[in-house]
Amino acid sequence: SLLRNERDAVPQYGYRAVPRDEHSSIVLLRSRQSIRLPDERELEFTVAAGDHLSFQYLPCVSTKRERGRVTTLLPEDMLADQVLKPRLAKSGLAAETIQIRGVDRLPMHKPKCKPFFQADAHAHVEAVVTDADTAMLAFINGIGHKTAFGFGLPLQVTVTKAGG
């Protein structure tokens, strides 16, 4: 993830990996420029302030407390207002509706560290674009925390142009 922000080293990207079977996974990779991977497809996508977006995503919803040493998870009914809306706002989006359809706790184990967890929410969002440039970056890089681990990539995005 250190290379991710080195503009000259690699393109900016976001990804989502999903296990397909015990030996393989499906990976969705999104970047600003071509990476020249097999089966790569180009997608033209633009948004403007006032456009309405509908999308699904899996944001990281676990938070840290006690100086980053304890991972916590708010109750599911508080996640939309307390966690997701502020992160969407930082991504140039004003949330109109957020539906959370469950939360997964994912156990994490690092060498020489105590076990901890990350949590993701299955979220469907209806939002209005407030800052087009910031929203485009969020579409490519992901929304919120832990995007380097595959959280936060908007999927199944539908755009309704302002006034349309």
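Residues numbered from 1 in each chain as written. Predicted model: local features only at pLDDT ≥ 70, side-chain atom pairs only at ≥ 80, totals over all residues. Heavy atoms only, no water.

Draft legend 1. The arrangement of the packing of aromatic side chains in detail. Going through the model one piece at a time under the given rule, you end up with one aromatic pair. Here the basic side chain of Arg 105 rests over the ring of Phe 117, its NZ or CZ set 3.7 Å away from the ring centre. (Phe/Tyr/Trp six-rings, centres within 6.5 Å; stacked < 30°, edge-to-face > 60°. Lys NZ or Arg CZ within 6 Å of the ring centre and 35° of its normal.)

Draft legend 2. Layout of the confidence of the model for the chain. With 86% of its residues at a pLDDT of 70 or more, the chain has an overall mean of 82. Mean pLDDT per element in the chain: strand β4 (residues 63-65) is the minimum at 68, and strand β3 (residues 52-57) is the maximum at 94. Per-residue pLDDT stays below 50 along residues 6-11; that stretch engages in seven contacts with residues further than four places along the chain or on separate chains. (pLDDT = per-residue confidence, 0-100. Helix = DSSP H or I, 4+ residues; strand = E, 2+ residues; numbered from the N terminus. Contact = heavy atoms within 4.5 Å.)

Draft legend 3. How the structure looks around the pattern of salt bridges. Within this structure, the stated rule accounts for two salt bridges. Asp 51 is paired through a salt bridge with Lys 161; the nearest N and O atoms lie 3.1 Å apart. Here Asp 51 is found in the loop between β2 (24-31) and β3, whereas its partner Lys 161 is found in the segment after β8 (155-160), with 110 residues between them in sequence. The partner of Asp 81 in a salt bridge is Lys 85, with the nearest N and O atoms 3.2 Å apart. Within this pair, Asp 81 and its partner Lys 85 are both found in helix α1 (residues 76-90), separated by four residues, close to a single helical turn. A residue is classified by how much of its surface remains accessible, and Lys 85, at 36% relative accessible area, is partly exposed. (Salt bridge = Lys/Arg side-chain N within 4 Å of Asp/Glu carboxyl O. Buried < 20%, exposed > 50% of the residue type's maximum accessible area, 1.4 Å probe, protein only.)

Draft legend 4. Representation of the side chain of Asp 120 in the model. Relative to the elements of secondary structure, Asp 120 occurs in strand β7 (residues 116-129). Its relative accessible area of 3% is what places Asp 120 among the buried residues. When near neighbours in sequence (up to four residues on either side) are disregarded, Asp 120 contacts Arg 16, Leu 58, Pro 59, Cys 60, Val 61, Gly 102, Val 103, Asp 104, Leu 106 and Phe 151.

Draft legend 5. Expanded view of empty space enclosed by the protein. Under the counting rule described, the total for this entry stands at one cavity of 30 Å³ or more. Phe 45, Val 47, Leu 53, Phe 55, Leu 93, Ala 135, Met 136, Ala 138, Phe 139, Ile 143, Pro 154 and Val 157 together form the lining of the largest cavity. Of all elements in the fold, only β3 and α2 (132-141) reach the threshold of two or more residues within the lining of the largest cavity. Considering every element that reaches the lining of the largest cavity, the biggest residue donor is α2, with four residues. For the lining of the largest cavity, the per-class residue count stands at twelve nonpolar, no polar and no charged. (1 Å grid on protein atoms, 1.4 Å probe; cavity = no way out; pocket = protein on both sides within 12 Å on 5 of 7 lines; lining within 4 Å. Points joined across faces, edges and corners; volume = space filled by probe spheres on them. Nonpolar A, V, L, I, M, F, W, Y, C, P; charged D, E, K, R; others polar.)

Draft legend 6. Inspection of α2 at higher detail. By the burial criterion, the buried members of α2 are Ala 135, Met 136, Ala 138, Phe 139, Ile 140 and Asn 141. Backbone geometry just downstream of α2 places Gly 142 in the positive-phi region, at approximately 105 degrees.

Draft legend 7. Broad picture of the layout of surface pockets. Computed from the structure, the largest pocket encloses a volume of approximately 900 Å³. Lining the largest pocket are 23 residues, and of these Leu 29, Arg 30, Ser 31, Glu 40 and Arg 41 sit closest to its centre. Contributions of two or more residues to the lining of the largest pocket are made by β2 and α2. Of the residues in the lining of the largest pocket, the class split is twelve nonpolar, four polar and seven charged.

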